[in-house]
Amino acid sequence: MTITTMETRGTVVFPDDFVWGAATASYQIEGAAKEDGRGPSIWDTFSATPGKVREGDTGEVACDHYHRYRDDVALMKDLGLNAYRFSVAWPRIQPTGSGAANQAGLAFYDRLVDALLDAGITPYVTLYHWDLPQTLEDLGGWTSRDTAYRFADYAAIVHDRLGDRVSHWTTLNEPWVSAFLGYGNGVHAPGRTSAHDALRAAHHLLLGHGLAARALRAAGAEEIMLVVNSAPVLTPAQVNDPAAAVSAADAAAADRVHALLTRQFLDPALLGRYPAEVLEAAGRNGGTAHILDGDLEIINAPIDLVGINYYNPCVVEDGPGLPADAAWPGSEGVRFASAEAPVTAMGWPIVPSGLSRLLVRLSSDYPRVGLMVTENGAAFDDVVEDGRVHDGARLAYLEGHLRAAHAAIAQGADLRGYLVWSLLDNFEWAEGYGRRFGVVHVDYTTQARTPKDSALWYRDVITRNGL
């Protein structure tokens with residue numbers, strides 16, 4: 001058995017209070033992009049720009065969840081979910097990113113939260129999943145310090161409306177993606193390509209997180225979480241052999257990329273300091289004048305959980321003389337390599353054991369917070385046949401990763417729950433509708449929902465609290 005797979009036999013049982021659920025994001029499923037006072041977001045602008053999104057797809061209709069949320073909640077109940085993580089669209093609440101709240105936008109999330117609670121499903125609210133109001137981007141976006149303060153104001157507005165029924169709050173989803181794919185290599189909205197802008201955006205996202213966490217806590221929020229897209233950083237040999245010998249140069253490359261991917265966000269948020277590698281990268285790309293005295297104290301606001309979005313490991317090795325990758329300021333001399341493993345339709349290597357390694361390391365490095373897998377899933381080329389979707393590859397992917405999660409718990413990781421990505425097939429950002437991550441198939445022409453075999457299997461996993 002290679003380390004890219006996990007043992008698929010035997011019964012495993014998760015802790016009694018383990019949280020089982022699914023996750024989505026507003027721009028990916030809601031649609032109704034111009035209804036009830038919603039303003040444009042950077043993703044509306046980006047996806048309407050020719051050449052930015054595959055096939056010219058946009059999220060204008062998506063899964064029409066805005067109108068079909070009651071049916072989707074009924075589907076969640078049928079699948080036995082006890083938690084649902086969704087994001088609030090900032091442009092629905094403040095169409096220009098500041099000022100008075102749009103009551104029609106708040107009313108939608110009122111209805112959604114009430115429907116979830118009526119179905120016995122706990123809402124997990126994410127305040128920012130990449131749909132920045134376009135007006136704020138026009139004023140500088142996340143490269144502007146003011147955006148962090150506008151985000152805290154928005155967080156307070158949403159909590160004021162939903163906080164009597166919602167206990168679980170996430171500030172940001174994957175700030176690395178927002179900063180470095182949005183402002184570094186430009187493959188995500190807003191499509192800028194500047195290392196300096198990306199590093200400034202990363203800092204201001206963290207500042208917004210800290211300000212929002214303070215505002216939420218002051219308003220009585222019970223649980224606050226920051227969600228990161230983290231991964232173990234491995235050499236090619238380590239993917240299948242964790243005991244593989246690693247040269248000093250390769251180990252240094254892996255440590256540097258781990259600092260740029262994970263520690264850049266968790267060290268400030270949980271320890272109140274930046275890694276030296278991040279400060280050095282900033283120093284070589286415009287300087288650190290955007291990091292003001294007192295910022296790290298704000299960013300270090302107490303939180304309760306770290307959410308982990310895991311899909312595949314990051315594989316690197318020493319690459320003397322190579323320039324920094326545009327998405328990785330500070331990665332000079334690092335070669336981003338491939339892994340010998342099966343891949344998903346995204347081309348991402350399937351390495352369940354990477355989740356175990358990651359969870360165990362994070363629990364060791366940051367022992368004062370609990371962990372939750374807030375996204376884990378895979379895209380495959382699904383086909384509806386006789387009213388069914390036989391997605392055996394996805395089912396195997398999920399089982400391998402759940403066994404890996406359980407193995408991490410057995411090794412001492414403080415893992416509290418698992419949320420599959422995603423409930424529904426949806427708008428997959430720059431990939432448009434060509435990649436399907438859902439455990440429920442969506443026919444984008446008719447909007448018909450069809451639970452895949454993986455969804456029915458996942459319902460059984462929840463029922464037995466294990467495998």
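Preceding block: the structure.
Residues numbered from 1 in each chain as written. Predicted model: local features only at pLDDT ≥ 70, side-chain atom pairs only at ≥ 80, totals over all residues. Heavy atoms only, no water.

Peer 1: In this structure, what is going on with the nonpolar core? I would like to understand it.
Peer 2: Soluble globular proteins tend to pack their nonpolar side chains together in the buried interior. The biggest cluster of nonpolar side chains holds 151 residues, and the ones touching the most others in it are Trp43 and Tyr128. Not counting residues within four places of it along the chain, the set of residues in contact with Tyr128 comprises Ile42, Trp90, Trp142, Phe151, Thr171, Leu172, Asn173, Ser178 and Leu205. (Core = buried A, V, L, I, M, F, W, Y, C linked by side-chain atoms within 4.5 Å. Buried < 20%, exposed > 50% of the residue type's maximum accessible area, 1.4 Å probe, protein only. Contact = heavy atoms within 4.5 Å.)

Peer 1: Would you take a moment to explain the pattern of salt bridges for this structure?
Peer 2: A side chain with one charge may pair with a side chain of the opposite charge, provided their charged atoms come close. Scanning all chains against the criterion turns up 31 salt bridges. Note that Arg165 and Asp114 form a salt bridge whose closest N and O atoms lie 2.9 Å from each other. Placement of the pair is Arg165 in the loop between α7 (145-162) and β4 (168-173) and Asp114 in helix α5 (residues 103-118), with a sequence separation of 51 residues. Classification of Asp114 as partly exposed rests on a relative accessible area of 34%. Ionic pairing is found between Asp382 and Arg394, a salt bridge with its closest N-O pair at 2.9 Å. Of the two residues, Asp382 is situated in the loop between β10 (370-375) and β11 (384-385) and Arg394 in helix α15 (residues 392-410); the sequence distance between them amounts to 12 residues. In this structure Asp382 comes out as buried when scored by relative accessible area, which is 14%. Judged by its relative accessible area of 1%, Arg394 is buried. (Salt bridge = Lys/Arg side-chain N within 4 Å of Asp/Glu carboxyl O. Helix = DSSP H or I, 4+ residues; strand = E, 2+ residues; numbered from the N terminus.)

Peer 1: I keep staring at the packing of aromatic side chains and nothing clicks. Help me out?
Peer 2: A complete count under the given rule lists 34 aromatic pairs for this structure. Taken together, a centroid distance of 4.7 Å and an interplanar angle of 40° make the contact between Phe14 and Phe18 tilted. Take Phe18: its relative accessible area is 6%, and that puts it in the buried class. Note on Tyr69 and Phe108: the rings are 5.6 Å apart at their centroids and 90° apart in plane angle, and the pair reads as edge-to-face. Residue Tyr69 is located in helix α3 (residues 65-78), and its partner Phe108 is located in helix α5; the two are separated by 39 residues in the primary sequence. Phe108 sits in the buried class, given a relative accessible area of 0%. One aromatic cluster is present, built from ring pairs that chain together Tyr27, Trp43, Phe46, Trp130, Phe427, Trp429, Tyr433 and Tyr444. (Phe/Tyr/Trp six-rings, centres within 6.5 Å; stacked < 30°, edge-to-face > 60°.)

Peer 1: For this particular structure, what's the right way to read the sheet that holds strand β9 (residues 334-336)?
Peer 2: Paired through backbone hydrogen bonds, the strands of a sheet run either parallel or antiparallel to each other. Read from one edge of the open sheet, three strands run β6-β8-β9, paired in mixed fashion. Strands with a single pairing partner mark the edges of an open sheet, and in this sheet they are β6 (233-234) and β9. Summarising the sheet, β6 and strand β8 (residues 314-318) pair through two bridges and their orientation is parallel. Counterpart to Leu234 in the pairing with β8 is Val315. Its contacts with the sheet put helix α11 (residues 248-271) on β6, β8 and β9, and the angle it makes with β8 is roughly 135°. (Pairing = 2+ DSSP bridges. Axes fitted to C-alpha atoms, helices over the stretch in contact; angles between N-to-C directions.)

Any functional reading would require information that these geometric values do not contain.
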